[in-house]
Amino acid sequence: MANIQSQIKRNRQNTTRHDRNKGVRTRLKTDLKSFRVAAEQEDATAAREAFTVASRALDKAATKGIIHANNAANKKSRMARRLAELEA
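From a predicted model like this one, the values you see are computed outputs, not experimental measurements.

(A) Main features of the pattern of salt bridges. Per the stated rule, a full pass over the model turns up five salt bridges. Ionic pairing is found between Arg 48 and Glu 87, a salt bridge with its closest N-O pair at 3.1 Å. Placement of the pair is Arg 48 in helix H2 (residues 44–64) and Glu 87 in helix H3 (residues 69–87), with a sequence separation of 39 residues. With relative accessibility at 43%, the residue Glu 87 sits in the partly exposed group. Residues Glu 85 and Arg 82 are paired through a salt bridge, measuring 3.6 Å at the closest nitrogen-oxygen approach. Taken together, the positions of Glu 85 and Arg 82, both in helix H3 and three residues apart, correspond to about one turn of that helix. Counted as one network, the salt bridges with shared partners bring together Glu 42, Arg 82 and Glu 85.

Conventions adopted
- Residues numbered from 1 in each chain as written.
- Predicted model: local features only at pLDDT ≥ 70, side-chain atom pairs only at ≥ 80, totals over all residues.
- Heavy atoms only, no water.
- Salt bridge = Lys/Arg side-chain N within 4 Å of Asp/Glu carboxyl O.
- Helix = DSSP H or I, 4+ residues; strand = E, 2+ residues; numbered from the N terminus.
- Buried < 20%, exposed > 50% of the residue type's maximum accessible area, 1.4 Å probe, protein only.

Right under this line is the structure:
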């Protein structure tokens, strides 16, 4: 355990941020799964709605630094390709 005041505060901040980011990551996984399930069921309308929700969540997570921007872009690209296959 740290005995320097600034490190004690830093540990407290890290714990708070970790808890907040964990909730965002969990929600992000849920949004991605809802798209994947809709795509597997060949439901284009549900997949379109899930794509909108998931891509927005990915953008927000990337903006906040929770995931890397390239990771978000790659996931969005794969989802968009899958959605295009469904709608074609």
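Back to the write-up after that little detour.
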